[in-house]
Amino acid sequence: MSFPVLQLPRVVLLECIENLDVLEIILFSRLSKRSKTIAKLIRWNPLDIRWASGEEEQIWIKLSTDPGLKWIINYEKKKESADTETTLLGPKALHFLYLKDNGIEDITQMMEHICEVFRSPICEMDIIEESLIEWIIKFQPIIRYVFIREDIITSVGSLDRILKNFEVTERFFLASVALDEYFQYKEPIPFRCITITNSYWLSLTSILKGNNSIIRLLGSKLTPTDINTILIVWQSGFKLQNLEYLEIEISTYLDPHRCNHEIFKNLNWTVADENDGRPTRVRFHDEYIHTLPQEQTVHNLIRNDGMILSIFGEYPEVPEGEKTKVLLHLQVWGRQA
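Per chain, residues are indexed from 1 in the order of the written sequence. It should be noted that, the model being predicted, local features are given only for residues of pLDDT at least 70 and side-chain atom pairs only at 80 or more, the latter also being counted only at that level, while totals for whole chains, interfaces and linings use all residues. The basis for the side-chain values is all heavy atoms of the structure; hydrogens and waters are excluded.

Looking at an unreviewed UniProt entry, one finds the protein chain named F-box domain-containing protein and attributed to Caenorhabditis nigoni.

Rendered as structure tokens:
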């Protein structure tokens, strides 16, 4: 015989619910409309809620007050009934709830339910199919972290919609897009920190129009001459005023000497053979600080306001006549008073 928990006196019932863990509260709140209403009466601490994708879809939940605890709802195609499991990893504890994966709509409904019951927003979204773009824009257009998987963006309209209807406050990661190889996007990307793989479609115009602080571009079609333009514009002080770090991978037939000549053409630069106060790390976002590669030689540009742009790169050797993939690092910093 099951215990009639909902028939307990209100004070006793609320005290019982307050002592449940996160997964137990989720299961209780899904029993009925009344159980959901009761669960919402408790003032829970804010949760860190994330949609994570791998071999299976998962919802990750953490308490800001106890980072050692994590609750994971794991969706499995072959799962027939729900069950739970706890794994201890030293001082950390992972609590799993295994559910059958009945499709994306089930997971979005669960995300909406958790956000409503715990009065907490989604912190991170892993977009694994195009339908999720519309869902997250309607449900919660302001979010800290977004990761869009490879070839999810299949049209210019989808790309434009997500760039103009999202507000990503910490990190925006966009994998390869399934667009025409000659397409060029000329509007700014309005996010503080952006990482784009296979970024052939992102134009010089877009970068110069933007107010980004952190830019990481792999597979770019920009040329050494375009990099030269970025340096000239930054030094003028009229654009790229928020830039802190630009990492860009370009391909060129030029050897390192000629490539450097094009990059620094008509610029008054200096060479630093040792670190003269330049920071060795860059804060990409509030959860990651990047350690820069150690370089013996760095080219410096100085702006009128005293800010310094340090440029260094990696030039792998390739047979003559083949394109070289050059990885350039542009770091903005100022000397300590």
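This brings us to empty space enclosed by the protein. Whether a set of points on the 1 Å grid over the protein atoms alone is a cavity depends on a 1.4 Å probe fitting there but being unable to get out, while an open set qualifies as a pocket with protein on both sides within 12 Å along at least five of seven lines; lining residues are those with an atom within 4 Å of a point. Grid points are joined across faces, edges and corners, and a volume is the space filled by probe spheres set on the points. For the structure shown, the criterion picks out 1 cavity of 30 Å³ or more. The computed volume of the largest cavity comes to approximately 30 Å³. In terms of lining, the largest cavity is formed by Ile189, Ile194, Leu202, Ser206, Ile207, Asn212 and Ile215. A breakdown of the residues in the lining of the largest cavity according to their chemical character gives 5 nonpolar, 2 polar and no charged. Residues are grouped as follows: nonpolar covers Ala, Val, Leu, Ile, Met, Phe, Trp, Tyr, Cys and Pro; charged covers Asp, Glu, Lys and Arg; every other residue, Gly included, is treated as polar.

If you look at the biggest cluster of nonpolar residues, it comprises 90 residues, and the most contacted ones within it are Ile59, Ile73, Ile127, Trp201 and Ile230. Only DSSP runs of H or I with at least four residues qualify as helices, and only runs of E with at least two residues qualify as strands; both kinds are numbered from the N terminus onward. Looking at this core element by element, the count peaks at 8 residues for helix α4 (residues 104-118). In what follows, residue pairs with any heavy atoms lying within 4.5 Å of each other are defined as contacts. With sequence-adjacent residues up to four places away left out, Ile230 is seen in contact with Leu204, Ile207, Leu208, Leu222, Leu240, Leu246 and Leu330. Core analysis: the second largest hydrophobic core is formed by 8 residues, Cys193, Ile214, Val282 and Phe284 among them. The set of buried Ala, Val, Leu, Ile, Met, Phe, Trp, Tyr and Cys residues whose side-chain atoms join them within 4.5 Å is what this entry labels a nonpolar core. Remark: exposure states derive from per-residue accessible area (1.4 Å probe, protein chains only) relative to the maximum for the residue type, with buried under 20%, exposed over 50%, and partly exposed in between.

Bringing the layout of surface pockets into the picture now. What the largest pocket holds in volume is close to 210 Å³. Leu27, Arg30, Lys36, Tyr75, Leu99, Lys100, Asn102, Asp106, Gln109, Met110, Glu112 and His113 together form the lining of the largest pocket. Taken together, the elements giving at least two residues each to the lining of the largest pocket come down to β5 (92-100) and α4. Looking at the lining of the largest pocket element by element, the count peaks at 5 residues for α4. The class makeup of the residues in the lining of the largest pocket is 4 nonpolar, 3 polar and 5 charged.

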